Amino acid sequence: MNTLTYFDYAATTPLRPEALEAMAAALAHFGNPSSRYAYGREAAHRVKEHRETVARALGCAPGEVFFTSCGTEGDNWAIRKGVELGRRRGRHIVTTAVEHAAVLETCRDLERQGYELTCLRPDRQGRIGVEQLRAALRPDTALVSMMLMNNETGVVLPVADCVRAVKAFDPGILFHCDAVQGFLKLPDPLAATGADLITVSGHKVGGPKGVGALYVKKGVRLAPLLTGGGQEEGLRSGTEATAQIAGFAAACQAVMADTGRLERTAAVKAYTLERLQAAIPALEVISPGDAPHICAVTLPGYPSEVLVRVLGDQGICISSGSACHKGKPSHVFAAMGLPRPWLSGALRLSFAPDSTREEADRLIAALTQASQSIFPTMS
Ligand code: PLP
């Protein structure tokens, strides 16, 4: 196996050493936080400390953080129970066509159950405007769900402005934000957006897979998605995944301590984009991404699945879009109205603060070579 050259940090991130260490300690301390004896209370105390850390990362109070099993669970919980909370207002949901499947499929499921769905279309750059959202609001709108940072284009949606517009229209409309890609990737804390519900996930920030959190703004009386033993203040039953939670918190702590991370990530992304365009004249930039870590390019007409496989065989990991697509054309790029050859050759590159120019050079050389050995079709 070649050395791994990884440019797929939007799909998942390697576990940070701090997270691994914290997880090992938490696995060794196997107490159940709900047990009343001292060993259990110690586990509960640790979870409390981890909640405080994640709350600091979100910019909110610890009592507003509820641990989940992943971003998908957070999105499902927020949307399914959010619309229930707004049922007296009506059954209209507003979301965007560029959301992750965890949001889109949940909204479509609700549509099948009788809710009405308005899906805001992006422009050619993948942007959604505040005016578009304002025009979609109705007296019976129960919930708006809008992501912060798109996982395929790296475009940042104007969530704070949209929250203001929604609340000015009617403070009773709930605002959910899927911030799985935006968490710890912007200078401002997420709670400052003003959203009522915010989803984050551990494995996108150097934590383990199998843990996430839902921010529920104080005063929002969201019902639980999972009922049972009443953990997490009765809002999320299931014995706390103490090791996952410990790893998630340790990763947040380590990321927050790295104050130069956003600049370093953006710099290596800019370097890669510039060199790629110079090396491969056919390459087009779909989105340079406002996000420090994500951009999208295309080799029009080339089969991106083949490019991904050829690079993968050399130990270079990139993606043809969201890892969740599994070979289907990206609904995000399609919604942006990209021409068919652009869709077929679309590639997502995503970076970390520790990505190096040497790694970028390896990627550029490999993609250049692949583009010379594979033939495009322009249909
Ligand atoms: N939302 C966005 C924007 C994502 O990028 C992802 C994962 O790729 C998810 C939700 C789902 O998160 P998880 O993998 O933790 O379920």
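Keep in mind that this is a model prediction, so the values were computed, not measured.

Would you explain the sheet that holds strand E9 (residues 284-287) in this entry?
Adjacent strands of a sheet pair through backbone hydrogen bonds, lying either parallel or antiparallel. An order of E9-E10-E12 is seen for the 3 strands of this open sheet, with the pairing classed as antiparallel. Each end of this open sheet is capped by a strand with a single partner; those strands are E9 and strand E12 (346-350). Across this sheet, the average inter-strand angle for adjacent strands is 35 degrees, counted without regard to direction. Relative to strand E10 (residues 294-298), E9 is paired through 3 bridges, and the arrangement is antiparallel. Across the sheet, residue Ser287 finds its bridge partner in E10, namely Ala296.

How should the environment of Val156 be read in this particular structure?
Along the chain, the position of Val156 falls in the loop between strand E5 (141-145) and helix H6 (159-169). Note on Val156: relative accessible area 22%, which makes it partly exposed. Between the C-alpha atom of Val156 and that of Gln181, which follows or precedes it by 25 residues, the distance is 9.8 Å. If we ignore the near neighbours within four places in the chain, the residues touching Val156 are Arg127, Leu148, Met149, Leu186, Asp290 and Ala291.

How should I be thinking about helix H1 (residues 17-28) in this particular structure?
In an α-helix there are 3.6 residues to a turn, and that puts residues three or four apart on one side. Here H1 spans 17 Å end to end across 12 residues, near enough to the 16 Å set by a 1.5 Å rise per residue. For H1, the set of buried residues is Ala19, Met23 and Ala26. Taken down its axis, H1 places every buried residue within 65 degrees of arc, on the same side. H1 presents Pro17, Leu20, Glu21 and Ala28 as exposed residues on the side facing more than 90 degrees away from its buried surface. Where the residues of H1 are buried, they touch helix H2 (38-58) and helix H7 (242-257).

Please explain the domain arrangement of the protein as it appears in this structure.
Where interface size is given, it is often the accessible area lost as the parts come together that is meant. Considered domain by domain, the protein is made up of domain 1 (5-14 + 260-373) and domain 2 (17-257). Distance from the C-alpha centre of domain 1 to the C-alpha centre of domain 2: 27 Å. Summing both sides of the interface, domain 1 and domain 2 together bury roughly 2,400 Å²; the carbon and sulfur share of this comes to 50%. Of all residues in domain 1, Arg261, Asp290 and Met336 bury the most surface against domain 2, accounting for 23% of the area lost on that side. Across the domain 1-domain 2 interface, the total number found is 1 salt bridge. The partner of Asp290 in a salt bridge is Arg127, and the shortest N-O contact between them spans 2.9 Å. At the boundary of domain 1 and domain 2, one finds 18 residue pairs in polar contact (both at pLDDT 80 or more). Counting only elements with at least two residues in the side of domain 1 that touches domain 2, the list comes to helix H8 (261-279), E10 and helix H10 (331-335).

What should I look at first to understand unusual backbone geometry in this one?
Comment: phi is negative for the bulk of residues other than glycine, and the bulk of peptide bonds are trans. Of note in this structure, Leu184 is not a glycine but carries a positive phi near 65 degrees. With respect to the secondary-structure elements, Leu184 resides in the loop between strand E6 (174-178) and strand E7 (197-201). Since its relative accessible area comes to 10%, Leu184 is described here as buried. Even without glycine at this site, Glu233 takes up a positive phi of about 60 degrees.

Help me out: how do you make sense of the packing of aromatic side chains in this one?
For any pair of aromatic rings, the description rests on two quantities: the centre-to-centre distance and the angle between the ring planes. Counted under the stated rule, the structure contains 6 aromatic pairs. Both rings, one in Tyr6 and one in Tyr9, keep their centres 4.8 Å apart while their planes meet at 85 degrees; by these two values the pair is edge-to-face. Here Tyr6 falls in the buried class, since its relative accessible area comes to 16%. The class of Tyr9 is buried, set by a relative accessible area of 13%. Between Phe67 and Phe248 the ring centres are 6.4 Å apart and the planes differ by 70 degrees, which places this aromatic pair in the edge-to-face class. Here Phe67, found in strand E2 (residues 65-68), pairs with Phe248, found in helix H7; they are 181 residues apart in sequence, far enough to count as distant. Considered together, Phe67 and Phe248 belong to a single accessibility category, that of buried residues. A cation sits over an aromatic face here: Arg124 above Trp342, 5.7 Å from the ring centre.

Rules used throughout
Residue indices begin from 1 for each chain and proceed along its sequence in written order. Only residues with pLDDT of at least 70 get local features here, since the model is predicted, and only at 80 or more are side-chain atom pairs given and counted; chain-wide, interface and lining totals rely on the full set of residues. For side-chain calculations, the full set of non-hydrogen atoms in the structure is used, while hydrogens and water are omitted. Strands are labelled as partners when DSSP assigns at least two bridges between them. Going along the chain from the N terminus, every DSSP run of H or I of four or more residues is numbered as a helix, and every run of E of two or more is numbered as a strand. Where helices are involved, their axes are fitted lines through C-alpha atoms of the stretch in contact, as for all axes, and angles between N-to-C directions lie from 0 to 180°. Here the term buried applies to any residue with accessible area under 20% of the maximum for its type, exposed to any over 50%, and partly exposed to those in between, with areas from a 1.4 Å probe on protein chains only. Working rule for contacts: check all heavy atoms of both residues, and any pair within 4.5 Å makes them a contact. Helix span is expected to be 1.5 Å times the residue number reduced by one. Directions drawn from the helix axis to the C-beta atoms are what define this arc. Each domain's extent was defined by an automatic or database domain assignment. Here the quantity called buried area is the accessible surface, traced with a 1.4 Å probe, that two parts lose on coming together, added over both. Just to be clear on terms, a salt bridge is a Lys or Arg side-chain nitrogen sitting within 4 Å of an Asp or Glu carboxyl oxygen. Definition of a polar contact: a pair of N or O atoms within 3.5 Å, with one able to donate and the other able to accept a hydrogen when the atoms are protein atoms, and with sequence-neighbouring residues admitted only if both atoms are side-chain atoms. Between the rings of Phe, Tyr and Trp (Trp by its six-membered ring), a pair exists once the centres lie within 6.5 Å; its type follows the angle of the planes, with under 30 degrees stacked, over 60 edge-to-face, and the other angles tilted. Charge over a ring is defined by NZ of Lys or CZ of Arg lying within 6 Å of the ring centre and within 35 degrees of the ring normal.

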